[in-house]
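Chain by chain, the residues run as shown.
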Amino acid sequence: MADSKHILIIEDDDFLRSLAVTKLQKEGFTISTSADGGDYRDLISKQKPDVLLLDLLLPKISGFDILKDLKEDATTKDIKVVIFSNLGSEEDIERGTQLGADEYLVKASFTLDELVDKIAAITK
Amino acid sequence: MNEIEQLRLDLDKCNSESQEKSEFLSMITHQLRTPLSGIKWTFKMILDGDIGSFSEEQKQIINKGFDASERMVELLEEVITANQNDQWDFTYNFSPVDISKVIDGIIMEFYEVARTHNVSIGYKPPEQSIGLVEADGEKIAIVMQNLLENSIKYNIDEGEVSVSLSQIDGYARIQISDTGIGIPEGQISNVFTKFFRADNAKEIKKQGTGLGLFTAKKIIERHGGTISIESTLGKGTRFTILLPLKQPQNTV
């Protein structure tokens, strides 16, 4: 297997985050996590992820703001961003796509094995 | 304060209370998605063997648990959509609309849906262009979507759906006919009632909110139009929508 891809998960729900970590580690990904999104810059400067799995409703900052910030910065705009949220209105999806998200998934409509397939597809 | 002013105030109050309820429902349904995701993912991970092995007997039960969580997600999505439709009640944008363009767009969308259900759609456009309707095109599209979804969902294998648009006595007339299961005679008068679902429909599809036709009628009446139904059990159903055409502007 090639170098393991690094995924940063920003998700404030403890249970969902722990399930995602378990599943993605099992699939061979290297994982780091943030529970509130407030420390995303620190985490990225320590180890730049290949993929950011991003929730939108976070306690300290909006996921949209994180996405916008990363995609406007030349040093981070190549990080693939998968929005994984329970906001799923047309406006939310359009906004996420316009800001440069590589994938937009509504959590309740997906399972983690499907998430793994999506991540594999965009990191190919 | 006279009676009319009082009534108007009462109506405003009702509208704002109804909007608050709708916003509350929206909040709850979105919140529910999170724990529901947790349940669904957990079942799937167990089924995929991510958390260890289990017996065939356990697998059957876990499978049922996963199916139940999926059904719940689908129902929740339907309630979210229905509630969005309710919220749109407060935001109608009327302008002169060419109904044939709205129908063209919707029919295109539904060709593929129909094909996956092994149902064919035929569309008969008006013989000559018909006038404009003062309408909210997006709302009319919702009506068409709801009716087409039903005509496909409750159709037979290799069934047909036909749509036609014509002009009749100052009205744009849209008809949607299907070769589906039809509605039992005693229940036809209830089809536009909120949450109503016909017995034979429930047998075929367990899910369904019973809001599609209710919403359709509400939208059409808001346009000053009418929607009616004819149905024969086991043969099919036809909906007829009449929307008043805009009077041509008379120059004096």
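Just so it is clear, the structure is predicted and the values come from calculations on it, not from any experiment.

About the cut-offs
- Residues numbered from 1 in each chain as written.
- Chains lettered and ligands numbered in written order.
- Predicted model: local features only at pLDDT ≥ 70, side-chain atom pairs only at ≥ 80, totals over all residues.
- Heavy atoms only, no water.
- Helix = DSSP H or I, 4+ residues; strand = E, 2+ residues; numbered from the N terminus.
- Contact = heavy atoms within 4.5 Å.
- Areas by Shrake-Rupley, 256 points an atom, 1.4 Å probe, with all protein chains shown as cover.
- Buried < 20%, exposed > 50% of the residue type's maximum accessible area, 1.4 Å probe, protein only.
- Pairing = 2+ DSSP bridges.
- Axes fitted to C-alpha atoms, helices over the stretch in contact; angles between N-to-C directions.
- Parallel < 35°, antiparallel > 145°, perpendicular 65-115°, else oblique.
- Left-handed = near helix turned anticlockwise from the far one by under 90°.
- Nonpolar A, V, L, I, M, F, W, Y, C, P; charged D, E, K, R; others polar.
- Expected span 1.5 Å × (residues − 1).
- Bend = angle between axes of the 7 residues up to and from the residue.
- Polar contact = N/O pair within 3.5 Å; in protein donor to acceptor, adjacent residues only side chain to side chain.
- Salt bridge = Lys/Arg side-chain N within 4 Å of Asp/Glu carboxyl O.
- Core = buried A, V, L, I, M, F, W, Y, C linked by side-chain atoms within 4.5 Å.

Asks: Tell me what's going on with the overall build of chain B, and back it up with residues and numbers.
Replies: From N to C terminus, chain B includes six helices and seven strands. Along chain B, helices and strands appear, N-terminal first, in the series α-α-β-α-β-β-α-β-β-α-α-β-β. Taking all contacts inside chain B whose residues are at least 6 apart in sequence as the whole, residues at least 24 apart take part in 68%. Accessible surface for chain B amounts to roughly 14,700 Å². Of this, 52% is attributable to carbon and sulfur atoms.

Asks: An account of the overall build of chain A is requested, with residue identities and associated values reported.
Replies: Within chain A, the secondary structure is distributed over five helices and five strands. Along the chain direction, N to C, the helices and strands of chain A fall in the order β-α-β-α-β-α-β-α-β-α. When burial is assessed residue by residue, chain A has 49% of its 124 residues classed as buried. In chain A, 62% of the contacts between residues at least 6 apart in sequence involve partners at least 24 apart. Accessible surface computed for chain A: about 6,000 Å², of which carbon and sulfur atoms make up 46%.

Asks: Explain the pairing of strand S7 (residues 236–244) of chain B to me, and be specific about the residues and the numbers.
Replies: All names here are of chain B. Across eight bridges, strand S5 (residues 171–178) lies against S7 in antiparallel orientation. Across the sheet, residue Asp178 finds its bridge partner in S7, namely Thr237. Note that strand S6 (residues 226–232) and S7 share seven bridges and pair antiparallel. Within S7, the residue paired with Glu230 across the bridge is Arg238. Hairpin remark: S6 followed by S7, antiparallel, with three residues in the connecting loop; positive phi at Gly234, about 80°.

Asks: Just give me the short version of the packing of helix H4 (residues 137–153) of chain B against helix H6 (residues 212–222) of chain B, but keep the residues and values in it.
Replies: Residue and element names in this part refer to chain B. Between H4 and H6, the shortest axis-to-axis distance is 9 Å and the interhelical angle comes to 150°. One element, H4, and the other, H6, form an angle in the roughly antiparallel class. Taken as a pair, H4 and H6 cross one another with a handedness that is left-handed. Residue-level inspection shows Lys139, Ile140, Ile142, Val143, Asn146, Leu147 and Asn150 of H4 in contact with H6, the latter providing Gly212, Leu213, Thr215, Ala216, Ile219 and Ile220. Among the residues making up the contact of H4 with H6, the classes are represented as eight nonpolar, four polar and one charged.

Asks: Now, about the side chain of Ser37(B): what can you tell me, with residues and values included?
Replies: Summarising the element assignment, Ser37(B) is placed in helix H1 (residues 3–47). With near-sequence residues (within four places) excluded, Ser37(B) lies in contact with Leu16(A), Asn86(A), Lys107(A) and Ala108(A).

Asks: Break down H1(B) for me, with residues and values.
Replies: Residues and elements named next belong to chain B. Here H1 contains 45 residues, and its C-alpha end-to-end distance of 65 Å stays within 8% of the 66 Å for a straight helix at 1.5 Å per residue. A bend of about 25° at Pro35 is the largest found in H1. Between the side-chain oxygen of the N-cap and the backbone nitrogen of Ile4 there are 3.1 Å, and the N-cap of H1 in question is Asn2. Of the residues trailing H1, Gly49 is marked for its positive phi of about 75°.

Asks: A description of the sheet that holds strand S4 (residues 80–85) of chain A should follow, citing residues and the corresponding values.
Replies: All names here are of chain A. Strands sit in the order S2-S1-S3-S4-S5 across an open sheet of five strands; the sheet is parallel. The two strands at the open ends of the sheet, each matched to only one other strand, are strand S2 (30–34) and strand S5 (103–106). Across the sheet, the axes of successive neighbouring strands diverge by a mean angle of 20°, strand direction being ignored. Note that S4 and S5 share four bridges and pair parallel.

Asks: Report on the pattern of salt bridges, specifying residues and quantitative values.
Replies: Taken as a whole and assessed by the stated rule, the structure comprises 22 salt bridges over all chains. Linking Lys23(A) and Asp50(B) is a salt bridge whose minimum nitrogen-to-oxygen distance equals 2.6 Å. Separated into two different chains, Lys23(A) in helix H1 (residues 14–26) and Asp50(B) in the loop between H1 and helix H2 (56–88) make up a pair that spans both. Asp50(B) gets classed as buried once you look at its relative accessible area, which sits at 12%. Here Arg41(A) ties to Asp69(A) by a salt bridge, and the two come within 3.0 Å at their closest N and O atoms. Pair noted here: Arg41(A) is in helix H2 (residues 40–46) and Asp69(A) is in helix H3 (residues 63–72), with a separation of 28 residues, a long-range link. Relative accessible area serves as the criterion here: at 31%, Arg41(A) is assigned to the partly exposed category. The class for Asp69(A) is partly exposed, based on a relative accessible area of 26%.

Asks: Which residues make up the nonpolar core, and what values do they have?
Replies: Of all hydrophobic cores here, the largest spans 47 residues; its most connected members are Ile99(B), Ile103(B), Val163(B) and Ile174(B). Excluding its chain neighbours within four sequence positions, the residues that come into contact with Val163(B) are Ile103(B), Ile107(B), Gly122(B), Tyr123(B), Lys124(B), Met144(B), Leu148(B), Gln175(B) and Ile176(B). Counting 22 residues, the second-largest nonpolar core is a separate cluster that includes Ile7(A), Phe84(A), Ile122(A) and Met45(B).

Asks: I'd like a description of the packing of H1(A) against helix H5 (residues 112–122) of chain A, backed by residues and values.
Replies: Residue and element names in this part refer to chain A. The N-to-C vectors of H1 and H5 enclose an angle of 55°; their axes lie 10 Å apart at closest approach. As summarised for this structure, H1 and H5 are arranged oblique, according to the angle between their axes. Seen from above, H1 lies across H5 with right-handed handedness. Along the contact surface, H1 presents Leu19, Ala20, Lys23 and Leu24, while H5 presents Leu112, Asp113, Val116 and Ile119. When grouped by side-chain class, the residues that make up the contact of H1 with H5 number six nonpolar, no polar and two charged.

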